[in-house]
Structures are given as structure tokens and as C-alpha cells.
Amino acid sequence: MHKATQPDLQVEPISRFALLANAIPLLAIAVIVSVATVLTTGAVGWTATFVALLYVLPPVTARIVMALFGKPQGRDLRQDSTAFKVWWVLLQLQMPFNRIPWLEELLRLVPGLYPFWLNLWGAKVNPASFWAPGARSLDRPYLEVAYGSVIGTEALISGHLSRIEDGRFLVDIAAVSVGSYAVVGARSSIGPGCVIAPGETLTALSPLPPYTHFINGKRQ
């Protein structure tokens, strides 16, 4: 007897554009190193210029990209769509900070500096918000955090969700909104399109699936 086997699922390959765009983080670092070398002399000057460009060049580039092509949002975005390509470039520009989280932790040592930097990416983050150690946002342009809100330790906020459906690679992209005086508990995970109403507390370790509204202590 022959064992019944499940037919092989045909999954579309990663596009050439997506593969090439993976080089953006390395290219950005190379550009920053080159510019710092040309503009400065001495270790102190070079280091200061490198650090300044590292924090400023990627978000400014992201803002230029969004000014030219718009800020992509939507569901079921395919690899061949312009929206996907723009979002993928934005994600790659953020990749050094996603890979090395302590770069953001350094900014949080200075009150108000981290929200200012997030807003440079195109976010809407009030300076009077608190980010606990290890809190992370993977899609900074898709972040809205209001006055007095608290993002708990190691909470994860993502403005995108990727998946394979019927063999196709699809992405949902939407902003995440945290209302005034809302608390996102430690190690919570929040997906794209989620809204936490003002004054609400999402308890620690709580997952919030994409496009969920958390109001009156309930998921809707």
C-alpha cells in the first residue's frame, strides 16, 4: 500500500526586489561611514558624525520615501504591489535598530528624545509617554502613542503582519494607536490596526490580534 501524501504547496518565491532591498541596511551603514570619513578628521569627530548620521539619515530617508510614494496601508498586499515595495524599503531602513535594540535604549536615557526620534520617522508619539526597557516597535512610521501612556517592559508593537495564503506571500499594514493614559503591559504583543482606548490597561503577557480594539477592558 502506498501512503497518501499531501500535495506539495506551491509558494511564490521572494521577489527579486525584496531580495535586493535586503542590502539597504548595509548600504546605509556604508554611506554613513563614507560621509563621516570625508567630513571629519580625528576619532572623536568621526565618531560623533557617524552616530549623528546613524540616527538621522534613515528616518529622514524614510520621510522622503513616504513623501514621494505615500505611506502604504492596507490588507493582503502582494509583493508586486507598489505599497508592498514602499513598506519593504521602510522596514529595511529601520532594520539596524530592529537588529540592535540597545541603540534605541540609549535614546530613552534622555527625556523626550526617543519620542522626538520616533516622530522623525513619521510616528505620532507624545513626548509625555513612557517607554520601559526592552519595549519595541518594528514599524515606527505606523505608531500613535498619546499623552501619559505607558509601554511596558519588552512589549512588542508591530504595524505589519505577514503570512502565506494559498501559496502567496501577503502583508497587512496598519497603524497602531495607544490612547492617552493607556498602559500596555509587559511582554504584551500588539498587531497592526490595533487601538487601545484612553485609560485602558492591557495586562502583562496579553496578545492583541490585528485590527482589535481594546475598550472597556474587552477586545472588540
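Now for a look at the structure at hand. The shown structure was predicted, so the numbers you read here are calculated from the model rather than taken from an experiment.

1. Quick word on the sheet that holds strand S11 (residues 183–184)
Here is step 1 of the chain: Spatially, S3-S6-S11-S14 is the arrangement adopted by the 4 strands of the open sheet, whose pairing is parallel. The two strands at the open ends of the sheet, each matched to only one other strand, are strand S3 (130–131) and strand S14 (201–202).

2. Regarding helix H3 (residues 43–69)
Here is step 1 of the chain: An ideal rise of 1.5 Å per residue puts 39 Å on 27 residues; H3 measures up with 38 Å between its terminal C-alpha atoms.
Here is step 2 of the chain: Leu 53 marks the point of greatest bend in H3, at about 30°.
Here is step 3 of the chain: Every buried residue belonging to H3 is among Thr 49, Phe 50, Leu 54, Tyr 55, Pro 58, Pro 59, Ala 62, Val 65 and Met 66, and all of these are buried.
Here is step 4 of the chain: Looking at the packing, one finds that the buried side of H3 touches helix H2 (24–39), helix H4 (82–99), helix H5 (102–108) and helix H6 (113–120).
Here is step 5 of the chain: Gly 70, located one to two residues past H3, shows a positive phi value of around 85°.

3. Focus on the environment of Lys 124
Here is step 1 of the chain: With respect to the helices and strands, Lys 124 occurs in strand S2 (residues 124–125).
Here is step 2 of the chain: For the pair Lys 124 and Pro 141, spaced 17 residues apart in sequence, the C-alpha to C-alpha distance is 8.1 Å.
Here is step 3 of the chain: Setting aside its immediate chain neighbours within four residues, Lys 124 contacts Asn 119, Leu 143, Glu 144 and Val 145.

4. Remarks on the nonpolar core
Here is step 1 of the chain: Among the nonpolar cores identified, the biggest contains 51 residues, and Trp 131, Ile 151 and Ile 190 are the most heavily contacted of them.
Here is step 2 of the chain: Here the element with the most residues in this core is H4; it accounts for 10 residues.
Here is step 3 of the chain: In this view, Ile 190 contacts Leu 156, Ile 157, Ser 158, Val 176, Val 184, Ile 196, Leu 202 and Leu 208; residues no more than four positions away in its chain are not counted.

5. Topic: a nonpolar patch on the surface
Here is step 1 of the chain: There is a patch of nonpolar side chains on the surface, built from Ile 100, Trp 102, Leu 106, Leu 109, Val 110, Leu 113 and Phe 116 and spanning about 710 Å² of accessible area.
Here is step 2 of the chain: Of all the secondary structure elements, the ones that give two or more residues to the nonpolar patch are H5 and H6.

6. Looking at unusual backbone geometry
Here is step 1 of the chain: Positive phi, close to 55°, is recorded for Asp 166, a residue that is not glycine.
Here is step 2 of the chain: For Asp 166, the position within the fold is in the loop between strand S8 (160–165) and strand S9 (168–173).
Here is step 3 of the chain: Relative accessible area serves as the criterion here: at 69%, Asp 166 is assigned to the exposed category.
Here is step 4 of the chain: Even without being a glycine, Tyr 211 presents a positive backbone phi close to 60°.
Here is step 5 of the chain: On the secondary structure map, Tyr 211 appears in the loop between strand S15 (207–208) and strand S16 (213–215).
Here is step 6 of the chain: Judged by its relative accessible area of 25%, Tyr 211 falls in the partly exposed class.

7. With respect to the sheet that holds S8
Here is step 1 of the chain: The 3 strands lie next to each other as S1-S9-S8, forming an open sheet whose pairing is antiparallel. The open sheet is flanked by strand S1 (74–78) and S8, the only strands paired with a single partner. Pairs of neighbouring strands in the sheet enclose a mean axial angle of 25°, with direction left out of account.
Here is step 2 of the chain: Pairing analysis gives 3 bridges linking S1 to S9, with the strands arranged antiparallel. Bridge assignment links Arg 78 to a residue of S9, and that residue is Leu 170.

8. As for the pairing of S8
Here is step 1 of the chain: Of the strand pairs in this sheet, S8 and S9 are connected by 6 bridges, and their pairing is antiparallel. Its bridge partner being in S9, His 160 is matched across the sheet by Ile 173.
Here is step 2 of the chain: Adjacent in sequence and paired antiparallel, S8 and S9 are bridged by 2 residues, among which Asp 166 carries a positive phi angle near 55°.

Scoring rules and cut-offs
Residues numbered from 1 in each chain as written. Predicted model: local features only at pLDDT ≥ 70, side-chain atom pairs only at ≥ 80, totals over all residues. Heavy atoms only, no water. Pairing = 2+ DSSP bridges. Helix = DSSP H or I, 4+ residues; strand = E, 2+ residues; numbered from the N terminus. Expected span 1.5 Å × (residues − 1). Bend = angle between axes of the 7 residues up to and from the residue. Buried < 20%, exposed > 50% of the residue type's maximum accessible area, 1.4 Å probe, protein only. Contact = heavy atoms within 4.5 Å. Core = buried A, V, L, I, M, F, W, Y, C linked by side-chain atoms within 4.5 Å. Patch = residues over 30% accessible without salt bridge, like charges linked within 9 Å, V, L, I, M, F, W, Y side chains within 5 Å. Areas by Shrake-Rupley, 256 points an atom, 1.4 Å probe, with all protein chains shown as cover. Salt bridge = Lys/Arg side-chain N within 4 Å of Asp/Glu carboxyl O. Axes fitted to C-alpha atoms, helices over the stretch in contact; angles between N-to-C directions.

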